[in-house]
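So you can see what is in the structure, the chains are spelled out below.
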Amino acid sequence: MELLSIDPLHPDAAAIAHAAELLRAGRLVAFPTETVYGLGANALDARAVERIYAAKGRPAYNPLIVHVASAELVSSVATEWPERAARLADAFWPGPLTMVLPKRSVVPDGVTAGLPSVAVRVPSHPVAHALLAAAQIPVAAPSANRSMMLSPTTGSHVARSLGDAVDLILDAGPTTVGIESTVVDLTSAEPVLLRPGTISLVQLEAVLGPVRRVSASSSDAARPSPGMLDRHYSPRAALFIASTAEVARQCANVQARGQRAGALVIDAPAPTAAITIRLARDAGEYASGLYAALHDLDDAGCDAIIVEQVPDGPAWLGVRDRLARAARSGGESGGGHR
Ligand code: TXA
Ligand code: MG
């Protein structure tokens, strides 16, 4: 595996050209987007796409997002560009929004897990944009982590998670948005929010009118998006969500079992002897720091991470979704839910 440091705002043209060449040759290149790092492969090359699944240990039923340099290029992978897609693109692209559209037959089944639709996104990160422009191919890229684990928001997160399974990592330092893109399905009459992100339901509805939400608790088979497993985006440590007042007691429970506690807080005081990371009471800033904080608490050897519950507002939907998926179901830290 090769790791190249690259300036996030003014990426070196030679490094980009090298990465683009690897992609065109069917190799795997991890690159930063504004959300998380992606593990990229030529989306039109079935064998290259297969290597993504192998590198991640990703189940074959979980489809990938295809990245293109501009909205005009969506037509290379999708058969339709409805008016509401154009409106969304005007409002949010380049940026952390993914649209699900009817797929073109040139897109291998491996990309879409056999679905008749394809997920497409135009990322805003200058490195991602330069790479897509240089490669001149659509690039399939899931988050660049082993399946089910935390998404990477730095190049070293990628290196530690995937190691030699990836041919090249373009390391541009931390990403800014921090959680995965908002995913909207536009293949039926009523748009469906498949995965909340930092672009909120309110922002989407301002452009689209009513948007249906898929409940995070509906069974996997019943979902239009087969990869949306309940348990996902998880640190190694067990993660529990606690009210502000309960954070200290739950950390003490963990310690009483002789285990190491980590705490991720907003307002709660730092619990005694727990490794504590504090994030801002601002949904955007919190999302930006969330995965790095969980990676750090994992790296510090925490057995359990107690997360202070986040606010209720619409801006926090994406963060709440990721925390709920990372959390141990229903339990509290003393309950033996590991
Ligand atoms: O921010 C992001 O979206 C990052 C960066 C790298 O762009 N990518 C990402 O990819 O999070 P991934 O593979 O970890 O998540 C993509 C999700 C899948 O879990 C799947 O549920 C949904 O997008 N998806 C992909 N294609 C779909 C389709 N045709 N229909 C419904 N859902 C789809
Ligand atoms: Mg992922």
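In this text, all values refer to a predicted model and were calculated from it rather than measured experimentally.

(A) Fine view of the environment of T112. On the secondary structure map, T112 appears in helix α4 (residues 109-112). Separated by 108 residues in sequence, T112 and L4 have C-alpha atoms that sit 30 Å apart. Those residues in contact with T112, other than ones at most four positions away along the chain, are P63, K103, V107, S117 and V118.

(B) Inspection of the sheet that holds strand β9 (residues 182-185) at higher detail. With mixed pairing, the 11 strands of this open sheet are ordered in space as β1-β8-β2-β3-β7-β4-β6-β5-β9-β10-β11. The sheet is open, and its two edges are formed by β1 (2-5) and β11 (212-213), each paired on a single side. One ladder, built from two bridges, connects strand β2 (residues 29-32) with strand β8 (residues 168-171); its direction is parallel. The residue of β8 that forms the bridge with V29 is L168. Lying over the sheet, helix α2 (residues 46-56) contacts β3 (37-42) and β7 (139-140), oriented at roughly 145° with respect to β3. Of the strands in this sheet, β2, β4 (65-67), β7 and β8 are in contact with helix α5 (residues 126-135), which crosses β2 at around 135°.

(C) Seen up close, the pattern of salt bridges. Under the defined criterion, the tally for this structure stands at 13 salt bridges. For E34, the salt bridge is made with R121, and the minimal N-O distance between the two is 2.8 Å. Of the two residues, E34 is situated in the loop between β2 and β3 and R121 in strand β6 (residues 117-121); the sequence distance between them amounts to 87 residues. Of the residues examined, R121 reaches a relative accessible area of 2% and is grouped as buried. Across the salt bridge formed by R236 and D299, the nearest N and O atoms sit 3.8 Å from each other. With R236 in the loop between β11 and β12 (238-242) and D299 in helix α9 (residues 283-299), the pair connects residues that are 63 residues apart, well separated along the chain. The exposure class assigned to D299 is partly exposed, which follows from its relative accessible area of 41%. A single salt-bridge network, built from bridges that share partners, covers E180, D321, R322 and R325.

(D) Structural detail: unusual backbone geometry. Residue P94 follows W93 across a cis peptide bond; omega there is -5°. Within the secondary structure, P94 is located in the loop between α3 (83-92) and β5 (97-102). The backbone of A113 shows a phi angle near 55°, a positive value even though the residue is not glycine. Tracing the backbone through its elements, the reader meets A113 in the loop between α4 and β6. Unlike most non-glycine residues, M148 shows phi in positive territory, near 75°. Examined against the element boundaries, M148 turns out to sit in the loop between β7 and α6 (155-162). The class of M148 is partly exposed, set by a relative accessible area of 32%.

(E) Quick look at the side chain of T35. Here T35 lies in the loop between β2 and β3. Not counting residues up to four positions away in its chain, the partners in contact with T35 are P96, R121, T153, T175, V177, G178, I179, E180 and S181.

(F) View of the sheet that holds strand β15 (residues 304-308). Taken together, the four strands give an open sheet; going across it, the order is β12-β15-β13-β14, and neighbouring strands pair in parallel fashion. Since the sheet does not close on itself, it has two edges, and those belong to β12 and β14 (275-278), each with one partner. Along the sheet, successive strands turn relative to each other by an average axial angle of 20°, direction set aside. For strand β13 (residues 261-265) and β15, the ladder comprises four bridges, and the chain directions are parallel. For A263, the partnering residue across the bridge sits in β15 and is I306. Lying on the sheet, α9 is in contact with β12, β13, β14 and β15; it crosses β13 at an angle near 175°.

(G) View of the environment of S143. Among the secondary structure elements, S143 is positioned in the loop between β7 and α6. Residue classification places S143 among the buried positions, given a relative accessible area of 17%. Distance from S143 to A30, taken between C-alpha atoms, is 8.9 Å for residues 113 residues apart in sequence. If sequence neighbours within four positions are ignored, S143 has contacts with V36, Y37, G38, L39, K56, S151 and P152. In terms of polar contacts, S143 uses its side chain to reach the side chain of N145, at 2.6 Å.

About the thresholds
Residues numbered from 1 in each chain as written. Chains lettered and ligands numbered in written order. Predicted model: local features only at pLDDT ≥ 70, side-chain atom pairs only at ≥ 80, totals over all residues. Heavy atoms only, no water. Helix = DSSP H or I, 4+ residues; strand = E, 2+ residues; numbered from the N terminus. Contact = heavy atoms within 4.5 Å. Pairing = 2+ DSSP bridges. Axes fitted to C-alpha atoms, helices over the stretch in contact; angles between N-to-C directions. Salt bridge = Lys/Arg side-chain N within 4 Å of Asp/Glu carboxyl O. Buried < 20%, exposed > 50% of the residue type's maximum accessible area, 1.4 Å probe, protein only. Polar contact = N/O pair within 3.5 Å; in protein donor to acceptor, adjacent residues only side chain to side chain.

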